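Fold and contact review
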Amino acid sequence: MDSSKPCFEIEKILDSISLASQDLPAPALYIVGLPIGNLGDITLRALWTLSQADFIAAEDTRKTKKLLEKFNIQGRLFPVHQHNEHEGTEKILEYLSQGLRVALVTDAGTPAVSDPGSKSVAIVREHGYRVIPVPGASAVVTAMSAAGMAPEGFVFHGFLHGGKKERRDEIAKLVSGGRTFILYEAPHRILKLAEELAENVPAQRKIAIARELTKKFENIESLTASELTDWSKHHEPRGEYVVLVNAEEKNTEEELSQELREWLDNLIPLLPTGQLAAVASKISGLSKKIIYNYILSKKNSS
């Protein structure tokens with residue numbers, strides 16, 4: 001392997017911040033997360049791994065080549081995408097059998113997450129080779145962080161597939177699942193998805209629609225399911241979408257029994273909110289957050 005390959009002076013950067021160069025065992029398949037739009041989001045570890053990989057398996061070699069050129073990386077590329085994943089995986093295995101390092105990348109984000117790569121990863125693992133993740137930007141987490149939803153977790157579904165009935169049934173399962181759920185959608189299908197959600201999601205359920213994340217025209221809109229139809233009439237599809245449907249908001253007092261509420265009311269003046277919520281949660285088995293919110297509501301109303 002040629003260890004002299006330049007990479008945006010990455011070794012100098014690593015030295016300047018006292019970060020040791022990443023150990024890169026071989027043979028191994030490296031799953032490298034790339035930016036979802038803004039190239040500034042690429043990690044030092046991703047640059048180091050790509051600069052030292054013997055081969056790079058890319059969803060679109062033309063797009064990956066442009067990214068590599070931005071950082072002065074000379075990589076040997078070959079395609080692995082949804083239409084040739086079997087053949088591409090055979091080539092990955094061939095290189096691994098020679099004791100080499102192979103990096104797997106998608107056009108944006110992380111391979112094997114609503115993108116090609118999961119079959120390749122599974123087969124490589126079945127053959128006993130190491131698969132090493134190199135984390136990067138995630139559209140799911142990026143959208144969630146700015147949407148103000150799902151403090152207690154969420155369900156990532158990705159793209160909906162199938163005909164109208166299958167998609168409707170899948171939405172119904174997600175809606176009734178009790179958690180915020182996240183969908184991906186392409187620009188040419190976003191209006192169809194908005195129509196489906198308007199028909200199958202309770203009218204007052206909160207929804208966030210994020211597009212062009214980390215790019216110049218990034219936009220995150222908050223609305224309710226009842227507003228989706230009007231939104232569709234005035235929206236011009238552009239960019240890739242992340243759609244978040246919030247979990248049903250529960251009435252805090254309905255979660256607490258009358259006995260527990262009376263017990264809490266007596267202790268609210270005597271104990272700090274966090275301590276009382278923790279004790280009550282342990283005794284009752286209910287979520288600390290639900291009890292905490294009840295105590296706050298009582299304090300604010302007094």
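What this report covers is the structure whose coordinates are included nearby. Everything quoted here is computed from the prediction, not taken from an experiment.

1. Concerning empty space enclosed by the protein
One pass over the full model with this rule turns up one cavity of 30 Å³ or more. Estimated volume of the largest cavity: approximately 30 Å³. Lining the largest cavity, in full, are Ile-190, Leu-193, Ala-194, Leu-197, Ile-209, Leu-228 and Val-243. In terms of residue class, the lining of the largest cavity is made up of seven nonpolar, no polar and no charged.

2. Remarks on the packing of helix α11 (residues 258-267) against helix α12 (residues 273-284)
Put simply, α11 and α12 touch, their axes get as near as 11 Å, and they point 155° apart. One finds that α11 runs roughly antiparallel with respect to α12. In this structure, the crossing between α11 and α12 has a hand that is right-handed. Here α11 contributes Leu-260, Trp-263, Leu-264 and Leu-267 to the contact with α12, which in turn contributes Leu-276, Val-279, Ala-280, Ile-283 and Ser-284. Here the residues of the contact of α11 with α12 sort into eight nonpolar, one polar and no charged.

3. Structural notes on the packing of aromatic side chains
Enumeration over the complete set of coordinates arrives at five aromatic pairs. Between Phe-55 and Phe-78, the aromatic rings sit 6.5 Å apart at their centres with planes inclined by 70°, giving edge-to-face as the arrangement. A residue pair is termed long-range when its members are at least 10 positions apart, and Phe-55 in strand β2 (residues 55-58) and Phe-78 in strand β3 (residues 77-79) qualify at 23 residues. An angle of 65° between the planes, with centres 5.7 Å apart, marks the rings of Phe-159 and Tyr-184 as edge-to-face. Residue Phe-159 is found in the loop between β6 (154-158) and α7 (164-176), and its partner Tyr-184 is found in strand β7 (residues 180-185); the two are separated by 25 residues along the sequence. Relative accessible area serves as the criterion here: at 23%, Phe-159 is assigned to the partly exposed category. A residue is classified by how much of its surface remains accessible, and Tyr-184, at 12% relative accessible area, is buried. Among the aromatic residues, those joined into a cluster by ring pairs are Phe-55, Phe-78 and Tyr-95.

4. Considerations on the sheet that holds strand β8 (residues 206-211)
Sheet architecture is open: five strands sit in the order β6-β7-β10-β8-β9, paired in mixed fashion. In this open sheet, the two edge strands, each paired with only one partner strand, are β6 and β9 (219-224). Within this sheet the neighbouring strands show an average axis-to-axis angle of 20°, counted without direction. As defined by bridge partners, β6 adjoins β7 across four bridges and the pair is classed as parallel. In the sheet register, Gly-158 faces β7, and the bridge partner there is Leu-183. Packing of α7 onto the sheet brings it into contact with β6 and β7, and relative to β7 it is tilted by some 150°. This element, helix α8 (residues 190-200), spans β7 and β10 (241-245) of the sheet and lies at about 5° to β10.

5. With respect to the pairing of strand β4 (residues 101-105)
Summarising burial for β4: five of the five residues are buried, a large majority. Both faces of β4 are covered, namely the face carrying Arg-101, Ala-103 and Val-105 and the face carrying Val-102 and Leu-104. Inspection of the sheet shows strand β1 (residues 28-32) paired to β4 by four bridges, in the parallel sense. Note that in β4 the partner of Tyr-30 across the bridge is Ala-103. By the bridge criterion, four bridges tie β2 to β4 in an arrangement that is parallel. Directly across from Ala-58, in β4, lies its bridge partner Val-105.

6. A word on the nonpolar core
Buried together is how nonpolar side chains tend to be arranged in soluble globular proteins. Counting 21 residues, the largest nonpolar core has Val-32 and Leu-50 as its most contacted members. Looking at this core, the elements with two or more residues in it are β1, α2 (44-52), β2, α3 (61-70), β4 and β5 (130-134). When residues in this core are grouped by element, the largest group, four residues, is from α2. The next biggest cluster of nonpolar side chains, apart from the first, holds 20 residues, and it includes Ile-171, Leu-197, Ile-207 and Ala-225.

7. Section: a nonpolar patch on the surface
A grouping of Trp-263, Val-279 and Ile-283 is seen on the molecular surface, where their side chains present a nonpolar patch of about 270 Å² in accessible area. The exposure class assigned to Val-279 is partly exposed, which follows from its relative accessible area of 35%.

Criteria and cut-off values
Residues numbered from 1 in each chain as written. Predicted model: local features only at pLDDT ≥ 70, side-chain atom pairs only at ≥ 80, totals over all residues. Heavy atoms only, no water. 1 Å grid on protein atoms, 1.4 Å probe; cavity = no way out; pocket = protein on both sides within 12 Å on 5 of 7 lines; lining within 4 Å. Points joined across faces, edges and corners; volume = space filled by probe spheres on them. Nonpolar A, V, L, I, M, F, W, Y, C, P; charged D, E, K, R; others polar. Axes fitted to C-alpha atoms, helices over the stretch in contact; angles between N-to-C directions. Helix = DSSP H or I, 4+ residues; strand = E, 2+ residues; numbered from the N terminus. Parallel < 35°, antiparallel > 145°, perpendicular 65-115°, else oblique. Left-handed = near helix turned anticlockwise from the far one by under 90°. Contact = heavy atoms within 4.5 Å. Phe/Tyr/Trp six-rings, centres within 6.5 Å; stacked < 30°, edge-to-face > 60°. Buried < 20%, exposed > 50% of the residue type's maximum accessible area, 1.4 Å probe, protein only. Pairing = 2+ DSSP bridges. Core = buried A, V, L, I, M, F, W, Y, C linked by side-chain atoms within 4.5 Å. Patch = residues over 30% accessible without salt bridge, like charges linked within 9 Å, V, L, I, M, F, W, Y side chains within 5 Å. Areas by Shrake-Rupley, 256 points an atom, 1.4 Å probe, with all protein chains shown as cover. Salt bridge = Lys/Arg side-chain N within 4 Å of Asp/Glu carboxyl O.

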